[in-house]
There are 2 protein chains.
Amino acid sequence: MRKPKVVVLGAGYGGLITVTRLQKQIGANEAEITLVNKNDYHYETTWLHEASAGTLHHDRARYQIKNIIDSRVNFVKDTVVSIDKEAKKVVLKNGEIEYDYLVISLGAHPETFGIKGLKEYAFGITSIDSARQLREHIEYQFATYNTEEEKKDERLTIVVGGAGFTGIEFLGELGNRVPELCKEYDVDFNKVRIICVEAAPTALPGFDPELVDYAVNHLQKKGVEFKIGTAIKECIEDGIIVAKGDDTETIKAGTVVWAAGVRGNSVVEEAGFENMRGRVKVDEYLRVPGHDEVFIIGDCSLIINEEINRPYPPTAQIAMQQGETCAKNVAVAVRGSGEMEKFSFDNKGSVASLGENDAVGVVFGKKIVGTKASFMKKVIDNRALYMVGGPSLVLKKGKFKFL
Amino acid sequence: MRKPKVVVLGAGYGGLITVTRLQKQIGANEAEITLVNKNDYHYETTWLHEASAGTLHHDRARYQIKNIIDSRVNFVKDTVVSIDKEAKKVVLKNGEIEYDYLVISLGAHPETFGIKGLKEYAFGITSIDSARQLREHIEYQFATYNTEEEKKDERLTIVVGGAGFTGIEFLGELGNRVPELCKEYDVDFNKVRIICVEAAPTALPGFDPELVDYAVNHLQKKGVEFKIGTAIKECIEDGIIVAKGDDTETIKAGTVVWAAGVRGNSVVEEAGFENMRGRVKVDEYLRVPGHDEVFIIGDCSLIINEEINRPYPPTAQIAMQQGETCAKNVAVAVRGSGEMEKFSFDNKGSVASLGENDAVGVVFGKKIVGTKASFMKKVIDNRALYMVGGPSLVLKKGKFKFL
């Protein structure tokens, strides 16, 4: 008898949780499991702000997939080009792969809102590749400063577009990193500018205003300038053009980082599923309406928060919870028996890091700040490792100190 | 009674030896000693190939001048703009300074032989600033490689112009560093090219042919391609144009390093001393002919090797020996009594490093290669520290391992 083929696309938080659950829950004779990922490693997307600033080495934020999956899973290192949902096959850069059941967990793409020049000139915090490029770019700007007869202070200006989660966390790391860079490259700290530009009327939209104030004040103390309610109009080779109301201003900057939002993976859009900016509103079992054999989880899925009738923002937390449910439901589908589990998001809260030993957040409904919040952030980071790879992965990659 | 003013320009090997000797040999009442240097630190010029490749941190190759000089020496951190030899004063960027006795030890400038584009596009191995910029530039090229959809292999090509001492030593370090960079940035070693272009008919001109062969073979084993008898015609934004006879070739390269020669400091030329490419043929007491009050040592001085009737090449070794003699002669001049010492160069040999644990050279007239030569190279490096700062500086900055 032919075994059903289960194909999981993407080894991010959602994909890896799905695969690690499936390899336990489905017997070797029940289905063939294939995991496709463009790298042979998984990376912690929520740690990339550290790798980008240079406060954590990028190898600390990634691990080999082969150490997590067992021999039952067929791993294919390749890039997904397109999904043919009618023919039930996935086109890869170097081949094709057929499926009976498909799990799409391809993650997000940056949302540039059509702003001119962003793709060409701005750096992103989206992958190991982009993180270490950004780190090296900033270091190169500092290293170059003193080599020039005419000092270009704009080399030392870093503009961060977006005061959401990623933007704020990156600013927090810069607050720690910039004094180190000044020392390393003999640069006067007073020449450095770190500017955060946010189009919304507040930093950390959706966060409790008290926590927002705490975060903004603490980052300002570290030297960050905030331009709130200010939109980036264009990114140019040597800076950005911003506008607040009718006033426009050109800010010269050696480094522009775009951290102002994500959309679903373009492969999902191009596959022809009904979507909003690459995110598909899945059913209660995480399936695509009309395509019971296709599950979508993580940043490419869209789940409505009934309380406020708005989509949950894409986070690692929701992706991992979806992965658990998805694995169970794929197992039911493969067997053709049992009952699928309805997905419901259990929001344990969220914590935004503000650099070393500082953070703000809400955990189990309680507001926390400072070292306590920073500790909780590390607990959350370690928990993500634990969920995927158990205690041995926590020991290998976890954030803790032996005292 | 007015104390004579002794001004030393430049805290390189020659300048620092002069000042450290003067502060011992001249009493506080005999003269005022001023040292001018553009940085508040001295750096080991002969170690910059390591800092540039990233195999030694640049802080290991420099130390604070204030830790070497005593309170008798007035240190001025400033850049020399010009020397008015008639008015006996030095114009600095931020002031002026008069002298009765002047020691010029300003070091070398790169000699670009008028090759178009070198100043704009090529990196140099000439200072702490340039070394760490070059290191960061190479890292940035490697970091960027994987971020691009269309891979540009030329990002991973490093061209070194010049197979002289600096060029060869830098290539040796690259031989060790490139495998590390490949690991750090997930780059296939086979995509990397390291190309050395030398216009002369041999690498390491002036070295024993047997040692040259050893060096070239060992660097080739590490992946270096040599283009000997090949001239750089032009440096362009994304590479170089070379010519061998009538054949020209464009080599695309993300990094071009110019290490093919130096000339004396332009301040010396502009001061109106008779010179050859910024180097002044000094008398046997290291004074400028016709200007008994001006001593020139190091890369701006020119001493003829009578054996072959050609100038000695500028090295740290000769600069330090000149510093010793110069200090004695300045002391005689200040006192107006005693006899000046004639300078004669005692060539103890020279060793070119080929990276970790490998080198070639001649020491006390004997040819050595491999680990033995590498050991001698470290002895030479440590000796330079010892000469300036004694055992404590060797302990702080020396090249050795505690076993």
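Residues numbered from 1 in each chain as written. Chains lettered and ligands numbered in written order. Predicted model: local features only at pLDDT ≥ 70, side-chain atom pairs only at ≥ 80, totals over all residues. Heavy atoms only, no water.

Identification of chain A as NADH dehydrogenase from Metabacillus niabensis is taken from an unreviewed UniProt entry. In its Sequence similarities (unreviewed entry) section, UniProt records this for chain A: "Belongs to the NADH dehydrogenase family." The UniProt entry for chain A carries the following comment under Cofactor (unreviewed entry): "FAD". (UniProt positions renumbered as here; feature names shortened; annotations may be inferred.)

### Re the packing of helix α1 (residues 13-25) of chain B against helix α8 (residues 316-335) of chain B
A pair of packed helices is characterised by two quantities: the angle between their axes and the separation of those axes. All names here are of chain B. The interhelical angle for the contact between α1 and α8, taken along N-to-C directions, is 35 degrees, at an axis separation of 7 Å. In this structure, α1 meets α8 at a crossing whose hand is right-handed. When α1 is examined against α8, the residues Tyr 13, Gly 14, Ile 17, Thr 18, Arg 21, Leu 22 and Gln 25 are found in contact with a partner set consisting of Ala 316, Ala 319, Met 320, Gly 323, Glu 324, Cys 326, Ala 327, Lys 328, Val 330, Ala 331 and Arg 335. (Axes fitted to C-alpha atoms, helices over the stretch in contact; angles between N-to-C directions. Helix = DSSP H or I, 4+ residues; strand = E, 2+ residues; numbered from the N terminus. Left-handed = near helix turned anticlockwise from the far one by under 90°. Contact = heavy atoms within 4.5 Å.)

### Looking at the pairing of strand β17 (residues 247-252) of chain B
Residue and element names in this part refer to chain B. Pairing analysis gives 6 bridges linking strand β16 (residues 239-244) to β17, with the strands arranged antiparallel. Considered in β17, the bridge of Ala 243 is made with Thr 248. Taking the residues between adjacent antiparallel strands as the criterion, β16 and β17 are bridged by 2 residues, where Gly 245 takes a positive phi near 60 degrees. (Pairing = 2+ DSSP bridges.)

### Considering the nonpolar core
Core analysis: the largest hydrophobic core is formed by 116 residues, its most contacted members being B:Leu9 and B:Ile104. When residues of this core are sorted by domain, at least three fall in each of domain 1 (5-38 + 78-110 + 262-347) and domain 2 (112-260 + 348-403) of chain B. In this structure B:Ile104 touches B:Leu9, B:Ile83, B:Val268, B:Phe273, B:Val294, B:Phe295, B:Ile296 and B:Ile297, once residues within four positions along its chain are discounted. In terms of nonpolar packing, the next biggest core, distinct from the first, is built from 115 residues, A:Val19, A:Val334, A:Val360 and A:Leu393 among them. (Core = buried A, V, L, I, M, F, W, Y, C linked by side-chain atoms within 4.5 Å. Buried < 20%, exposed > 50% of the residue type's maximum accessible area, 1.4 Å probe, protein only. Domains from an automatic or database assignment.)

### Comments concerning the pattern of salt bridges
Taken as a whole and judged by the stated rule, the model has 68 salt bridges over all chains. Across the salt bridge formed by B:Arg135 and B:Glu136, the nearest N and O atoms sit 3.1 Å from each other. By relative accessible area, which is 8% here, B:Arg135 ends up buried. Note that B:Asp381 is salt-bridged to B:Lys399, the shortest N-O span being 2.8 Å. Linking B:Asp381 in helix α9 (residues 370-397) with B:Lys399 in the segment after α9, this pair joins segments that are 18 residues apart in sequence. Overall, the relative accessible area of 10% leaves B:Lys399 in the buried class. Overlapping salt bridges, with partners in common, bring together A:Asp59, A:Arg62, A:Asp129, A:Arg132 and B:Asp186 in one network. (Salt bridge = Lys/Arg side-chain N within 4 Å of Asp/Glu carboxyl O.)

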